[in-house]
Amino acid sequence: MSLVAVEWIESVLIGAVQAGTVFLIASLGEIYAERSGVLNLGMEGMMIVGAAVSFIVTNALGHGYAILAVLLAGLLLGLAHSFLTVSLRLNQIVVGLAITILGLGLGGLLGNAAIRRGIILFLNPEAPERNLIVQEAEKLPDIPIPFLRDIPVLGGMFFRQNGLVYLSLILAIVMWFILFKTRFGLSLRSVGENPAMSDAMGINVFRIRYISMVVCGMLGALAGSYLFIGYQPFWVEGMTQGRGFIALALVILATWNPLRAILGAYLFGGVEALQFRLQVLGVAAQLPQFLLMLPYIVTIATLVLLSLESVRKRIGVPASLGKPYSRE
Amino acid sequence: MESPEKLVEMRSITKRFPGVLANDSASFTLLRGEVHALLGENGAGKTTLMNILYGLYTPDAGEIFVRGRRVQIRGPKDAISLGIGMVHQQFRLIPTHTVAENIIVGARDVGFVLRFGRINERLSELIKYYGWSISPTSKVWQLTAGEKQQVEILKALYRGAEILILDEPTSVLTPQETVVLFQTLRKMASQGLGVVLISHKLDEVMAVSDRVTVMRRGRTIVTKPTRETNQRELAFLMVGRELSELEARPMAAGGKPVLEASGLQILDDKGLLAVKNISLRLFRGEILGVAGVSGNGQEELIEALVGLRKVRAGKILLDGVEMTNRPSADFIREGVAYIPAESLRYTAADMTVAENIILKSYRNRRFSKRIFINWKTVYDEAGKIIKDFNIVTPSPFSKAGNLSGGNIQRLVIARELNLQDNIKVIVAAYPSKGLDVASTEFVQRKLVEAREKGVGIILLSEDLEELFLLSDRIIVMYRGEIVGELPRQQFDLEKVGLMMTGVKGAEVKA
Ligand SMILES: Nc1ncnc2c1ncn2[C@@H]1O[C@H](COP(=O)(O)OP(=O)(O)OP(=O)(O)O)[C@@H](O)[C@H]1O
Ligand SMILES: [Mg+2]
């Protein structure tokens, strides 16, 4: 194989990790929510809010504050979702879609030039004029890891990335451990399978679902902020382009397992990276339209799948997923 | 001699549900070291009384003492911390979790990081102590009903239960598993635990219990040492009248098969092959018994025979008409009645008793004119059926989900036997599960009556005595295959028992 071809393949692989990290962070959050029995269709909205907040706060106060603000925004959205679906027991599909619509609207609003300017000046009156008008923000710096960065291919994929890429991998492992090896994780999984029994065993079903949904909201927003400051720091309205819905499908593909989500995320990321690079080469011009449609197809397929009892049993859907719990 | 400590004392417990007095100043005491049987007809209030002790319901009146101290039990959490454990009729386990995970869920003493090595070791010891053979690392869905029950018991014991309530535990067990369970119960009693055993099977009560309490219409009628009573007296106390014995007459069947299946292959819910190449013929006026330990493909087989499950290969003929993979409505129309194992799943719990009775026959011209349902006939008919089948319900308009276990079963049987005028085949899975003596007899009589009218009946049961009493022919299933077939003259407990463990019919004879 020619050197050019090898380099091209390596660039696709690196791109797979970079694009896939969006999916990974989002699906990790969604896995916790769904394992506890709450379906979060608001993922797309949480992501776009995360992207918009990181856009504004980075330009006002820099990356550190931006991440904090994003986590706070995600926490609030997660709380809102759990209040409506867990405490008020509203339909999870309706609430989730409402949050997505709300998020898309909010994202558009925050992206508006005048409003953005106002918020940035409010946060930091000394912000340089340039930061008030640009449609972009400073990208998160790459942090190459000594020695490891020089490993061929793997070095580029995993050891010359920004902090959020590393964080997402660590999170996947830690969240897997918590889910399967700790008391909290066992309670979380049990609540998702049989809330009434868990309640009788002394587990606080509502607390577990609130915690999981808040974690999900925070990670959803974080995924959106990675998409912006970690991957494509140019603001475009609706820039999540259905990635939140793709993450939902990924959760099923990963059978609600954080470690399997890593593989799935990079696979989906690979498709995105490949498509981008093929377009540059002028191949497959129709592909983008098709890919834009994908999230919606995937979502409908997901919902249909989740409603078929026989399928639910076979792929191991958490048994109480989508069903509100009430003590008689 | 000092008399043993009172673990539980319930005094004048009254519990009222809309339209029903489920417990009518009932009293109950449980002593340390005893197995105490709680008897009573369907709807007598046994489950309600024990649910109150377990904190699932709060009584309207009455007092509860545990180890001599007056207590308020506000929920299962309180009950568990008082050392009370309960195994319900429907298991409350998570099939996709391991045995160990199911046992320790919610337990506080395990530490944040779960050390499964240590936990499993501790559980293995407990399992060995009771002479069981489950592994802490198996997934619960892989277990038999009897093993799941062991997990439920372990779950209670692990939380330090001293008072163990078992609601009709033997209704899901094979005869062998029942023997094992009873050994366990005796062992627990000898260790100083108190065990409450709810059951309808008088022979079991006689065999395993130390004392018996009989309930009738919400009241506790009498408590007696088991030694000082007998089956006949207990039956009389429960029902308030003498029972007659059912006599099964020899088969009058023959001619063309009414149901014929050949080369059936059927998948289970997980997509695994549950039935591998089964062929059978059912004749008019015949009761064909199907024996086997549950989970050997029987459930899948009968679901296919009533059109609720697709077959992967093979053919089903009903009266010579091909029915393979036709919708279940066609099976209903052609006269196939189905009495399912989990009757609760086959009722619409939020609909009324009357609606449930006509759930499958509302298309019948008796009940509907064009698209309209003739409610007057429905309620008249429902009232009659409720009386005929002795369904204990406040009214035909009450929610079916609130009936007691046995009454739900009666409701389903009533619905199926009144399906339509030309019933050709009845497929009955554990039809007397959860029924009291009188209703068991009633159901068996109904099945025999149907047979005499020329209906072909497939009877699935884990109660070999029932199978022997009713069947004209028995087939035994093991791992998705028929391992043996016996005509009535050759029925033999040991023979069938062996075949149920996979020994082929031919080898048994030799
Ligand atoms: N949650 C409920 N709501 C309304 N009525 C109820 C409820 N639970 C029980 N009942 C009624 O209380 C009565 C006693 O029911 P219970 O389940 O205690 O009977 P049981 O003795 O356990 O009978 P079985 O042998 O059939 O299980 C029944 O008439 C039943 O319909
Ligand atoms: Mg009961």
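The rules behind these values
- Residues numbered from 1 in each chain as written.
- Chains lettered and ligands numbered in written order.
- Predicted model: local features only at pLDDT ≥ 70, side-chain atom pairs only at ≥ 80, totals over all residues.
- Heavy atoms only, no water.
- Helix = DSSP H or I, 4+ residues; strand = E, 2+ residues; numbered from the N terminus.
- Rg over C-alpha atoms; globule rule 2.2 N^0.38 Å.
- Buried < 20%, exposed > 50% of the residue type's maximum accessible area, 1.4 Å probe, protein only.
- Contact = heavy atoms within 4.5 Å.
- Lys, Arg positive; Asp, Glu negative; His and termini not counted.
- Charge placed at Lys NZ, Arg CZ, Asp CG, Glu CD.
- Pairing = 2+ DSSP bridges.
- Axes fitted to C-alpha atoms, helices over the stretch in contact; angles between N-to-C directions.
- Core = buried A, V, L, I, M, F, W, Y, C linked by side-chain atoms within 4.5 Å.

### Focus: the overall build of chain A
Thought 1: Secondary structure assignment for chain A yields 15 helices and zero strands.
Thought 2: Against the 2.2 N^0.38 benchmark of 20 Å for 328 residues, chain A shows a C-alpha radius of gyration of 20 Å, consistent with a compact globule.
Thought 3: With 328 residues in all, chain A has 53% of them scored as buried.
Thought 4: Considering only contacts within chain A whose residues lie at least 6 apart along the sequence, 75% involve residues at least 24 apart.
Thought 5: Separation between the mean location of the 21 positive side-chain charges and that of the 17 negative ones in chain A comes to 10 Å.

### Some thoughts on the side chain of Asn42 of chain B
Thought 1: Relative to the helices and strands, Asn42 of chain B resides in the loop between strand E3 (35-40) and helix H1 (46-53).
Thought 2: With near-sequence residues (within four places) excluded, Asn42 of chain B lies in contact with His200, Val392, Ser404, Gly406, Asn407, Arg410, Gly434, Leu435, Asp436 and Ser439 of chain B.

### A closer look at the sheet that holds strand E20 (residues 456-460) of chain B
Residue and element names in this part refer to chain B.
Thought 1: With respect to topology, six strands assemble into an open sheet ordered E16-E19-E20-E13-E21-E22, the strand pairing being mixed. At either margin of the open sheet sits one strand with a lone partner, and together these are strand E16 (336-339) and strand E22 (481-487). The sheet shows a mean angle of 15° between the axes of neighbouring strands, taken without regard to direction.
Thought 2: Its contacts with the sheet put helix H13 (residues 405-417) on E16 and strand E19 (425-429), and the angle it makes with E16 is roughly 175°.

### Some thoughts on unusual backbone geometry
Generally, phi is negative for residues other than glycine and the peptide bonds are trans, each holding for most cases.
All names here are of chain B.
Thought 1: Backbone geometry at Arg67 places phi at a positive 50°, although glycine is not the residue there.
Thought 2: One can find Arg67 in the loop between strand E4 (61-66) and strand E5 (69-71).
Thought 3: Residue Arg67 is classed as partly exposed on the basis of its relative accessible area of 31%.
Thought 4: Located in the positive-phi region is Arg479, a residue other than glycine, with phi close to 45°.
Thought 5: Secondary-structure assignment places Arg479 in the loop between strand E21 (473-478) and E22.

### Here we look at the nonpolar core
Thought 1: The biggest cluster of nonpolar side chains holds 156 residues, and the ones touching the most others in it are Met10, Met50 and Ile84 of chain B.
Thought 2: For this core, the element with the highest residue contribution is helix H11 (residues 205-231) of chain A, accounting for 13 residues.
Thought 3: Residue contacts for Met10 of chain B: discarding those within four places in its chain leaves Ala26, Ser27, Phe28, Leu49, Met50, Ile52, Leu53, Glu63 and Ile64 of chain B.
Thought 4: In this structure, Phe367, Ala428, Leu447 and Val496 of chain B belong to the second largest nonpolar core, which totals 45 residues.

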